[in-house]
There are 2 protein chains.
Amino acid sequence: MFEAAELGHQISKGDYKAQVPGLREALLDAQYELQAVARFPVLILINGLDGAGKGETVNLLNEWMDPRLIDTHAFGNISGDEKEYPPMWRYWRALPAKGRIGILFGSWYSEPVFTQFKEEVDTAALHSRLDEIIRLETMLAEEGILLLKFWFHLGKKAQKVRLTALEKDPRTRWRVGEREWMHLKHYDTFRKLAETVLMRTSTGVAPWMVVDGEDERYRNLTVGKQLLESLRQRLAQAMPQPTTTRSAPLLAPLDGLRVLDRLILNQSMSKSDYTEQLEVLQGRLNALSRHPKLHKHSIVLVFEGNDAAGKGGAIRRVTGALDARHYHVHPIAAPSEDELAQPYLWRFWRRLPRRGRFAIFDRSWYGRVLVERVEGFADEANWMRAYSEINDFEQQLHDANVIVVKFWLAIDADEQLKRFQAREETGFKRFKITDDDWRNREKWPAYREAVHDMVERTSTPAAPWLLVEANNKYYARIKVLRCVCEAIEAQLR
Amino acid sequence: MFEAAELGHQISKGDYKAQVPGLREALLDAQYELQAVARFPVLILINGLDGAGKGETVNLLNEWMDPRLIDTHAFGNISGDEKEYPPMWRYWRALPAKGRIGILFGSWYSEPVFTQFKEEVDTAALHSRLDEIIRLETMLAEEGILLLKFWFHLGKKAQKVRLTALEKDPRTRWRVGEREWMHLKHYDTFRKLAETVLMRTSTGVAPWMVVDGEDERYRNLTVGKQLLESLRQRLAQAMPQPTTTRSAPLLAPLDGLRVLDRLILNQSMSKSDYTEQLEVLQGRLNALSRHPKLHKHSIVLVFEGNDAAGKGGAIRRVTGALDARHYHVHPIAAPSEDELAQPYLWRFWRRLPRRGRFAIFDRSWYGRVLVERVEGFADEANWMRAYSEINDFEQQLHDANVIVVKFWLAIDADEQLKRFQAREETGFKRFKITDDDWRNREKWPAYREAVHDMVERTSTPAAPWLLVEANNKYYARIKVLRCVCEAIEAQLR
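Please read all numbers here as calculations on a predicted model, not as lab measurements. (Residues numbered from 1 in each chain as written. Chains lettered and ligands numbered in written order. Predicted model: local features only at pLDDT ≥ 70, side-chain atom pairs only at ≥ 80, totals over all residues.)

1. Brief notes about the overall build of chain A
For step 1, the next point in the chain: From N to C terminus, chain A includes 19 helices and ten strands.
For step 2, the next point in the chain: Taking the principal axes of its C-alpha atoms as reference, chain A extends roughly 85 × 50 × 40 Å.
For step 3, the next point in the chain: Here chain A holds 493 residues, and the buried ones make up 42% of them.
For step 4, the next point in the chain: Considering only residue pairs separated by 6 or more positions, chain A has 83% of its internal contacts joining residues 24 or more positions apart. (Helix = DSSP H or I, 4+ residues; strand = E, 2+ residues; numbered from the N terminus. Buried ≥ 20, exposed ≤ 12 C-beta atoms within 10 Å, placed from the backbone. Contact = placed C-beta atoms within 7 Å.)

Set out below in structure tokens:
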């Protein structure tokens, strides 16, 4: 795939001088239009060989365009804070919002490629990593991001010439070290590896653009024009139509019997039993939260449930056992403007806890397959793909030592009605009941379907759903606390 | 993901009797409408636990519907002829045409799951296999196939009861052997493995439908209704709109310089040199074709090139060296009606050679990114995804010991004009020149772009493009023969 980038492409000085002013102006125009319509973000990945002009290109783009609308991120080895999160965390934080351009200098490709290069781990492991990347990029494309993947290439001889020149110049000497010469020495191995990676990850929605890095003028114009044409084409496109679902529809079981129906929602627990057990369990959880081994883990608790099922009360009993410095509760409502400018999982990646900490989500990413599905905020193709995207997300958490515990607090319609009425009658609780709650209640059957599909399709070995019978609040809170303790203990063994 | 299938769903005898006649009639109606509009095929995958009703369901569907419009294929271990082809070959052969229903009993999931179960190969290898499957299913969905993946499940106790019952009945005793009891013994391991596989491969376009296999009536109605609703929904959908391209556009290099431009098309070779070398090379190729080690390989030769570039002549010089029983030449023109009813790669999978044989393609699957792109027969999103699909396809060939050699025969526009005119003037060659050829010639620049993108994006380590300077026919033929010999020799070493 590199043959075309080893032809010694060149642009003459005169040509370059003639073309650059117009190109810069057009790029600025496109950039401002992008900002004005703010319909999609642009993400540029910069990868390739040492000395092929990666850094120069990043600088160039910032020079040619309005740098206030560009977010540039350079990534080296994963280090410091980053080690406390899943590997993809740092890239999610760097995603540009709609209307902006993000440049990732050293992207999610660098680490898998260099690991394979250095350690020659087995190919299956590399391909597994690459397939993760493909799934991520496919999701980003489905979410509307314009993705430009540049690979800067040099022939072997050209690379040697370039490294020698960089080393000679006192201003650039720092850029050439042992690592770079070592790469040159194993040029052929690296070229072959890069070819495999590019082939595997050049997909219909995110193809690689291989750039011949030898001639600076050629390189600059190539990147500039590719960016310009890509922006123009996408800006000219109408808003994407709702996608036709290509999958079979999800039918409810014929007998209407679903996992949650087997729960006996009316469990009993006396107040004195509750008080007694609460104290024991909170003590146990507190001890666990200080367990030395917990510093290798972080904890994500997800609370979903029917309206008025008692999520808030259950959460307060959990936090009551924790040091306030160790947890953060994230109430999740409709996404903000900033959040709407990003893929739907973005706001949750931002809220992941560091090692030793708890993140407690009062509602969560499951909104995608619950409220967004039922209310039609997401079209069918989009919420259908969310099941596997969410499973992917939670698998990544699990693989990074995050303990994920997901609760569905279930009450029946009668119990909900009682609680709604009680809320309306009790002054200090009236803020908890809105017209929306009553409206949602009318859609009980549609929500019921959505909840069942969610539980059945996202209960995975890495992150199973825990179903909580919640007509009795005492019982529910005790079950939640016990499950949290057990989930943590299972990991600390 | 199996919780929902362990609830002991049941349908009463009365309910069943009341519902079946209407369901069968509706299924038949849908089936005939499917045949009448013939806009898409339906593919049903049947997988799951022993004794959970897989075979019964296959029989049932054939009984309830018109079996003349159903193609049922049962797959056991890969054996006999099948071993001579890539693992996916047997499934490609079994794909249903538009308007028909295909049932795969034991699908592409069986082998990876059971290999993992028996040998516990490392997880990365399993995931790599599953990712291949995801890519395949995504492609099938993009090509319009309605894919229904059923997993028949049983709880551990229910499976034991079922196996015991089957063993007791003399009519079904054959279905329960050592293998089945062994599976039951390792039920928990298998359940966990199956859960991982289903989670990983349940995608937005091809979700799994888990069926509780315990109650026969429930199982039958579930499968029947799921099929009915899926058919109805898809039949009600309008023809899919051309997909919006989500990728950046492919720009030509700024200087217009591309790999093929570096070729010096006018090579010289005298007739006497040609005659001499032809004999030597044909002898060499003939010996290679009888090499004992070649029985582990098969050979696929792809000939693409400008109109009148001499593909036919070069092919005849290759076949001249081969035993007629050992090769087959496949001239590829516009797809037939049968072929249009299938994914575009289908007609090539059918033409793969068995071990020790040559398949020579005079034009090929690259039509997708050449003529179909230029003439607009495939919309942009579709030919964009073809690059990676084709790379996938050729990688599968390579992994299955198929030697893939791809030739692009290049002539320039002047040479083409000369040959066109000569063809028109020579009576016996006149059939070789049509109005289409002249029309294509007018689109030379568009074809040029398409050819370059093709060469640059599908030249892979497993199957690189060999570029042949073909203004001189002698030179071109000799280069082709030499490259074929060298490619085979490289594999026989």
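After that view, the rundown keeps rolling.
2. Re the relation of the copies chain A and chain B
For step 1, the next point in the chain: Superposition record for chain A on chain B: RMSD 0.0 Å, screw rotation 180°, translation along axis 0.0 Å. Here the transformation between the copies is reduced to the relation of a two-fold axis.
For step 2, the next point in the chain: A symmetric contact is evident, with 100% of the interface residues of chain A recurring at the interface of chain B. (Least-squares fit on C-alpha atoms with pLDDT ≥ 70 in both.)

3. So, the nonpolar core
For step 1, the next point in the chain: Ranked by size, the top nonpolar core spans 222 residues in total, and within it F150, L301 and L409 of chain A together with F150, L301 and L409 of chain B carry the most contacts.
For step 2, the next point in the chain: In terms of residue count, the dominant contributor to this core is helix 19 (residues 473–492) of chain A (nine residues).
For step 3, the next point in the chain: If we skip the residues at most four places from it in the chain, F150 of chain A touches I44, L45, I46, M209, V211 and V223 of chain A. (Core = buried A, V, L, I, M, F, W, Y, C linked by C-beta atoms within 7 Å.)

4. Examining unusual backbone geometry
For step 1, the next point in the chain: In the Ramachandran plot, A308 of chain A falls in the positive-phi region, its phi being about 65° despite a non-glycine side chain.
For step 2, the next point in the chain: Tracing the sequence through the fold places A308 of chain A in the loop between strand 6 (298–305) and helix 11 (311–319).
For step 3, the next point in the chain: Accessibility expressed as a C-beta count within 10 Å gives 23 for A308 of chain A, which makes it buried.
For step 4, the next point in the chain: Of note in the backbone geometry, N401 of chain B takes a positive phi value of approximately 65° without being a glycine.
For step 5, the next point in the chain: With respect to the element layout, N401 of chain B can be found in the loop between helix 15 (380–399) and strand 9 (402–410).

5. Quick notes on the sheet that holds strand 6 (residues 298–305) of chain B
Residues and elements named next belong to chain B.
For step 1, the next point in the chain: Here we have five strands laid out as an open sheet, ordered 7-8-6-9-10, and parallel in their pairing. Every other strand in the sheet has two partners, leaving strand 7 (327–331) and strand 10 (465–469) as the edge strands with one partner each. The mean angle between the axes of side-by-side strands here comes to 20°, regardless of whether they run parallel or antiparallel.
For step 2, the next point in the chain: Strands strand 6, strand 7, strand 8 (358–362) and strand 9 of the sheet are contacted by helix 11 (residues 311–319), whose axis makes an angle of about 170° with strand 8. (Pairing = 2+ DSSP bridges. Axes fitted to C-alpha atoms, helices over the stretch in contact; angles between N-to-C directions.)

6. Digging into the domain arrangement of chain A
All names here are of chain A.
For step 1, the next point in the chain: Domain parsing of chain A yields domain 1 (3–236) and domain 2 (259–492).
For step 2, the next point in the chain: Breaking the side of domain 1 that touches domain 2 down by element, the ones donating at least two residues are helix 3 (89–93) and helix 5 (123–142).
For step 3, the next point in the chain: Ranked by the residues each element gives to the side of domain 1 that touches domain 2, the list is headed by helix 5, at four residues.
For step 4, the next point in the chain: Considering only residue class, the side of domain 1 that touches domain 2 consists of nine nonpolar, no polar and six charged. (Domains from an automatic or database assignment. Nonpolar A, V, L, I, M, F, W, Y, C, P; charged D, E, K, R; others polar.)

7. Here we look at the interface of chain A and chain B
For step 1, the next point in the chain: Contact with chain A, which involves 61 residues of that partner, is made by 61 residues of chain B.
For step 2, the next point in the chain: Mapped by element, the contributors of at least two residues to the side of chain A that touches chain B are helix 5, strand 4 (146–153), helix 8 (187–201), helix 9 (216–236), helix 15 (380–399) and helix 18 (444–458) of chain A.
For step 3, the next point in the chain: Looking at the side of chain A that touches chain B element by element, the count peaks at eight residues for helix 9 of chain A.

8. Description of the sheet that holds strand 2 (residues 70–74) of chain B
Residues and elements named next belong to chain B.
For step 1, the next point in the chain: Within the open sheet, the five strands sit side by side as 2-3-1-4-5. Their pairing is parallel. Taken across any chain shown, the strands that pair with only one partner, and hence form the sheet edges, are strand 2 and strand 5 (208–212). Between one strand axis and the next, the sheet turns through 20° on average, direction left out of account.
For step 2, the next point in the chain: Judged from the five bridges that link them, strand 4 (residues 146–153) and strand 5 form a sheet pairing that is parallel. Considered in strand 5, the bridge of F150 is made with M209.

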